[in-house]
Amino acid sequence: MMDWPNDFGLITFETIDSTNKEASRRVNETSQPTWILSYEQTSGIGRRGRRWSSQKGNFSATLLMPISGSLSTVALHSFVASLALRDTLIHITSEPERFSLKWPNDVLMDECKIAGILLETCGVGPSHLSIGIGVNLSVVPEANKIENLATPPTCLGIKILPMDFLKILANYLAIRLNDFNASGFEKTRLDWLKSAANIGRTITARMPNSEIVGKFVTVDEEGALVLKADDIVHSIHAADIFF
């Protein structure tokens, strides 16, 4: 088993409302990147305030880290985190072909959702970034907690304790963060595209008041999804994606 990475803190809970909420409560006392792990969440949240199902046996954790550099790069950490998640799952399974990345912040196994990422800023300025990560290790969320037409969920189905999973993830995320900080977004972007789900295919990007159906061309230098529909190229910065 991997050792805990240097320069990263760790806080654990048996049960908590939300690891991201706990991260926001600890902003003023956190000066180094710190992982917050809970074995159960009672009020887990996903993108756009949706409820995130967090049963015991699955993985729920948040990395709270001070923001360094431009705020424009903060959202790009979802690509860093998703790559680290894929690295972790490949390390555990030795089956890289099963895992792909769905823009903007999901990890798929066999084309089903196994993990999600939620980025939130917090503190004055803001001063910190929270990277919330949920992984279905052993339990598939109940059908009535899944959005209609959403990517169907799955679970890893390999017996691994959340803390053991976190040790692996923390190491891979530390590596990916170092790459991002040293080389900028371009290397991360190219690595992400190598594992992108349904690139080159027709997908649907659904925004609050509209949707675009088009060919998934790439992800641009700002992290936007690039779709081509009726010979018009669209750069989309926020949307729900459906295959």
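In what follows, the accompanying structure is described. This structure is a prediction, so every number in the text was calculated from the model and none was measured. (Residues numbered from 1 in each chain as written. Predicted model: local features only at pLDDT ≥ 70, side-chain atom pairs only at ≥ 80, totals over all residues. Heavy atoms only, no water.)

1. A look at the pairing of strand β11 (residues 232-236)
Direction of pairing for strand β10 (residues 225-229) relative to β11: antiparallel, over a ladder of five bridges. When the sheet's bridge partners are listed, Val226 is paired in β11 with Ser235. Connecting β10 to the next strand, β11, in antiparallel fashion are two residues, including Asp230 with a positive phi near 55 degrees. (Pairing = 2+ DSSP bridges. Helix = DSSP H or I, 4+ residues; strand = E, 2+ residues; numbered from the N terminus.)

2. Re helix α3 (residues 162-183)
In a regular helix each residue adds 1.5 Å, so 22 residues correspond to 32 Å; α3 covers 31 Å between its end C-alpha atoms and thus fits that length. Positive backbone phi, approximately 80 degrees, marks Gly184, located one or two places after α3. (Expected span 1.5 Å × (residues − 1).)

3. Digging into the pattern of salt bridges
Per the counting criterion, the structure on display carries 15 salt bridges. We note a salt bridge from Asp191 to Lys187, for which the minimum N-O separation is 3.1 Å. Of this pair, Asp191 and Lys187 both sit in helix α4 (residues 185-194), four residues apart, roughly one helical turn. Classification of Asp191 as buried rests on a relative accessible area of 17%. One salt bridge in this structure joins Lys194 and Asp191, with 3.7 Å as the shortest N-O distance. Residue Lys194 and its partner Asp191 are located together in helix α4, separated by three residues, close to a single helical turn. Through salt bridges with shared partners, one network takes in Asp87, Arg176, Asp179, Lys187, Asp191 and Lys194. (Salt bridge = Lys/Arg side-chain N within 4 Å of Asp/Glu carboxyl O. Buried < 20%, exposed > 50% of the residue type's maximum accessible area, 1.4 Å probe, protein only.)

4. Section: the packing of aromatic side chains
All chains considered together, the criterion is met by three aromatic pairs. Centre to centre, the rings of Phe79 and Trp192 are 5.4 Å apart; their planes meet at 80 degrees, and the pair counts as edge-to-face. With Phe79 in helix α2 (residues 77-93) and Trp192 in helix α4, this pair connects stretches of sequence that are 113 residues apart. Across the pair, Trp192 and Phe79 agree in class, each one buried. By way of ring pairs, the aromatic residues Phe79, Phe185 and Trp192 are connected into one cluster. Just above the ring of Phe243 sits the side chain of Lys102; from NZ or CZ to the centre is 5.4 Å. Between Arg206 and the ring centre of Phe242, over which it is positioned, the NZ or CZ distance is 4.3 Å. (Phe/Tyr/Trp six-rings, centres within 6.5 Å; stacked < 30°, edge-to-face > 60°. Lys NZ or Arg CZ within 6 Å of the ring centre and 35° of its normal.)

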